[in-house]
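Chain by chain, the residues run as shown.
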Amino acid sequence: MTMNAPSPSPSPNRGRVEHVDSPAPGIGGCSSLTEGGREGESPRSGGEGATRLVMGACPHDCPDTCAVLTEVQGDRAVRFFANPDHPITNGWLCAKVRPYLDRVYHPDRVLYPLRRTGPKGSGQFERISWDEARDEIAGRWQAIIAEHTAAAILPYSYSGTLGLVQTIVCNERLWNRMGASGLLRSICDAAASTAIAEMIGAKHSPDPRDLVDSKLILVWGHNPASTNPHIMPILRQAQRNGGRVIVIDPRRTLTARSADLFIQIRPGTDAALALGMMHVIFDEGLHDEPWLEAHSIGWRELRDRAAKYDPVTVAAITGVPAQQIVELARDYATTKPSILKFADGIQRHINGGQTVRALLALPAITGHYGTHAGGLYYSQSGWVVFDEEAVGHASDCSPVPRIVNMNRLGAALTGEVSDPPIKSLYVFCANPVTSSPNAPKTIEGLLRDDLFTVVHELFLTDTARYADIVLPATTQLEQVDLHRPYGHLHLQYNHQAIPPQGEAKSNWDVTRLLAERLGYDDPWLHQTTEEVIEEVLDATRATSPLLKDITLDRLQREGTVAYDFSEVSPIPFAGGVFPTPTGKIALRCDAMRAHGVDPLPDYAPEAEVESARGRDGWLTLLSGAAHHFTSSSMANVPVLRRKEGQPHIELNPADASARGIADGDLVRVENLRGHCLLYAKVTTDVAPGVAVAPKGQWGQFSPGGINVNALTSDAVADLGGQSTFHTNAVLVSPVAREAEQPASLAVASD
Ligand SMILES: Nc1nc2c(c(=O)[nH]1)N[C@H]1C(S)=C(S)[C@@H](COP(=O)(O)OP(=O)(O)OC[C@H]3O[C@@H](n4cnc5c(=O)[nH]c(N)nc54)[C@H](O)[C@@H]3O)O[C@H]1N2
Ligand SMILES: Nc1nc2c(c(=O)[nH]1)N[C@H]1C(S)=C(S)[C@@H](COP(=O)(O)OP(=O)(O)OC[C@H]3O[C@@H](n4cnc5c(=O)[nH]c(N)nc54)[C@H](O)[C@@H]3O)O[C@H]1N2
Ligand code: SF4
Ligand SMILES: [Mo]
């Protein structure tokens, strides 16, 4: 039995709720409603009919990290809804997580360990016991380690949950002890993370609520209406306060619809637009020279670089009219406070690193950095950085033997990585066949007979179907964790609400189980979840004043605890001081040389797209966030699948009619990497030459058995080993006439 929480969520005090504590003071309005059960224990209260509320956190890859409440009767969660008092969650959850109980009690949950009985990929499995699963995994690994060393074992994980224990710690400890290969987790934000570390020193953004005071919010290559929903009411309030929202995107997104101005840019050309804006600002003397002199390195060189990006040249590159570039630059320079808000999508291009670097430079030119409600809004995750040693205990272990870029998974499994080759893959919190680039290559690797693949999952995902052993995973309601949001300034504690379903185990439970079977007796592989949280919290607090007085006990009682800004300015880069070695922003960033990148931001055309553009029939395909899923998570929940609709591709009417495609037609989308089938959505939301197919649809529910990642490139970007999903040239044809197309396929570069 499952149900959707109505929206807006009702008061948690409605109905027969017992064990409601009085609201705890001083925690940003979040009421402490009950104590949660400890992991491994059955819920404390309640026999049949007794009802309690358990405080938790949404685990998904989303900046909002909502505070949630689960109403539990006996052992069963009967209602899941937003905490009405949380300052950011504010009583409502997004469309994708509202039906979370449909995920928890989904009839397709994997509830027991499984062993493959059919060919790889067939999805045929038999139930086995945990003892059998554990013995088989440990036995296979011990044999692999004896023959090849532990470097032949590769853990692969990303953002199924963002919790401290279940993800961040589980990414490290067992694998460090084992000496397994490391994973470069570069699928999402690697270019921006590297650029930020080198140029401005830390991921600091203002409290999202400060944006109500911004007078110009430049939302650049970012679609918060889908991906950061709790910022939308704040943008609305800013508009009511006289501020303006400008959206720059190749697609008229949900966010663009409510903006004051939408600028439709050609994909992959944003660095040119940013440099074009700088050109105008310098040219017209609108830059803040005293600020640049005091707080930046290399502004004159950047000015010289921008000199070649005059509005006419930039218009030709970006497709944005020259006059609009000039007006945008003037507006941006002269409106204060003005904030540039981008997220992760924009960097998924082959030139994504330089794009982000150009964007980071922009708020410096006019001295927007360091002002209230001005500057940069990217991520909050640098305010508190968990103590690395407490997280991973790397110094107790031998060095990581090598690091494999997760974007190259298929290549790594098929020969790019050797000596030793990867002989075993352990996947958790990730669904690479659905979500990682170049799925055909990944599948080719997973089909290897000599690869021992273990997948720890909630469902038989497109990836789990290729596993030799599938282990059942818990949902967020069945585990304990601590969450540090990347979109607001509070820690969120997640109590366990219900017992694990079936024989599901959390990532940390499996870590401990495997550690024990492998004979690793380090105490840090056998702590309780709470002990892990306490260890990391204590070590981090020792160097972070923002965590003053934030203890495990307080987190458990209050659920939501705001960072303590009594000793630190909440304004990022206040006074123009940056946490870089020089204290300044590195507009000319010599550290870039070590990354093989020009120290100054620049625009480089995307070879794959540029060589295809202008050739008959080729389109640039973008595949950003789907509104109703989080990557591929939630994309098997029936109500969300219905809302999201069939796996589709948006085409401009001109491109559709040139191919004889009508709205709703099944089309074949292809390039040299592969092909998939999608339903055409004919819309002027995309410009001619650009197509959009949202990510996340499962291959097993798609008409051709594979999703858009059949087409995406596993080439890595210019910085950080970043993924390049959006640098993607494709051909589109009606399914009935697909035979007419392949001759021109050779145009695609790989
Ligand atoms: N509903 C939902 N929410 C999510 C997710 C999800 O899958 N669904 N995923 C989560 C994750 S993992 C992440 S990383 C974040 C991402 O959050 P966002 O970055 O906001 O999301 P994306 O849709 O990946 O990309 C944003 C926009 O970039 C645009 N874009 C692509 N190429 C270019 C370009 O060259 N120039 C410009 N100007 N724009 C470009 C796309 O059209 C898209 O509208 O969202 C998180 N939240
Ligand atoms: N085409 C295209 N593809 C993209 C992107 C794009 O822009 N375009 N964006 C990329 C981005 S930004 C990201 S971040 C990646 C995300 O890629 P992934 O990290 O692979 O995310 P998901 O596809 O949601 O898969 C997460 C899986 O973890 C499982 N899971 C959830 N909780 C737990 C748990 O506690 N334990 C275990 N063991 N498993 C759990 C879920 O059931 C789910 O199957 O996708 C990328 N894919
Ligand atoms: S996905 Fe984001 S907006 Fe939706 S409930 Fe989770 S944290 Fe909140
Ligand atoms: Mo992401």
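The structure presented is a predicted model; accordingly, all values stated were derived computationally and were not measured.

The next point concerns the pairing of strand β24 (residues 666-671). Among the 6 residues of β24, 5 are classified as buried, and the element is accordingly described as predominantly covered. What sits between β24 and strand β25 (residues 674-682) in their antiparallel hairpin is a turn of 2 residues. Pairing of β24 with strand β27 (residues 729-734) involves 4 bridges; the strand directions are antiparallel. Paired with Glu 670 across the strands is Leu 731, a residue of β27.

An α-helical turn contains 3.6 residues, so a residue and the one three or four places further along point in the same direction. By the burial criterion, the buried members of helix α7 (residues 232-240) are Met 232, Ile 234, Leu 235, Ala 238 and Gln 239. Across the axial projection of α7, the buried residues extend over an arc of 160 degrees, all falling on one side. Of the surrounding elements, those touching the buried residues of α7 are β8 (216-220), α6 (224-227), β9 (244-249) and α8 (254-257). Once α7 finishes, Gly 242 follows within two positions and takes phi at roughly 100 degrees, a positive value.

Looking at where Ser 157 falls in the secondary structure, it is placed in strand β6 (residues 153-157). Of the polar contacts made by the side chain of Ser 157, one reaches the side chain of Asn 171; its length is 2.6 Å. A distance of 2.9 Å separates a polar atom in the side chain of Ser 157 from a polar atom in the side chain of Arg 185. Setting aside its immediate chain neighbours within four residues, Ser 157 contacts Asn 171, Leu 183, Arg 185, Met 406, Phe 428, Cys 429 and Ala 430.

This paragraph deals with the pattern of salt bridges. By the definition in use, this model includes 42 salt bridges. Taking the shortest distance from any N to any O, the salt bridge between Arg 116 and Asp 468 comes out at 2.8 Å. One end of the pair, Arg 116, is in strand β4 (residues 114-116); the other, Asp 468, is in the loop between β16 (452-457) and β17 (469-472), and 352 residues separate them in sequence. Exposure remark for Arg 116: the relative accessible area of 26% places this residue in the partly exposed category. Between Glu 301 and Arg 588 there is a salt bridge; the shortest N-O distance is 2.9 Å.

The next thing to look at is the site of ligand 2. Close contacts around ligand 2 come from 33 residues, with Ser 435, Glu 457, Ser 623, Ser 632 and Ser 633 the closest. The separation between a nitrogen atom of ligand 2 and a polar main-chain atom of Cys 429 is 3.3 Å. Contacts to ligand 2 include Ser 632, whose side-chain N or O atom sits 2.6 Å from an oxygen atom. Coverage of ligand 2 by the protein amounts to 97% of the 920 Å² it exposes when considered alone.

A word on the site of ligand 1. Neighbouring residues of ligand 1: 33 residues in total, closest His 222, Asp 249, Gly 268, Asp 270 and Phe 629. Asp 344 places a main-chain nitrogen or oxygen 3.3 Å from an oxygen atom of ligand 1. Counting only elements with at least two residues in the shell around ligand 1, the list comes to α6 and β9. In terms of residue class, the shell around ligand 1 is built from 12 nonpolar, 14 polar and 7 charged. Summarising the domain contributions, the shell around ligand 1 has at least three residues from each of domain 2 (205-381 + 573-595) and domain 3 (607-737).

Calculation criteria
- Residues numbered from 1 in each chain as written.
- Chains lettered and ligands numbered in written order.
- Predicted model: local features only at pLDDT ≥ 70, side-chain atom pairs only at ≥ 80, totals over all residues.
- Heavy atoms only, no water.
- Buried < 20%, exposed > 50% of the residue type's maximum accessible area, 1.4 Å probe, protein only.
- Helix = DSSP H or I, 4+ residues; strand = E, 2+ residues; numbered from the N terminus.
- Pairing = 2+ DSSP bridges.
- Arc of directions from axis to C-beta.
- Contact = heavy atoms within 4.5 Å.
- Polar contact = N/O pair within 3.5 Å; in protein donor to acceptor, adjacent residues only side chain to side chain.
- Salt bridge = Lys/Arg side-chain N within 4 Å of Asp/Glu carboxyl O.
- Near = heavy atom within 4 Å.
- Areas by Shrake-Rupley, 256 points an atom, 1.4 Å probe, with all protein chains shown as cover.
- Nonpolar A, V, L, I, M, F, W, Y, C, P; charged D, E, K, R; others polar.
- Domains from an automatic or database assignment.

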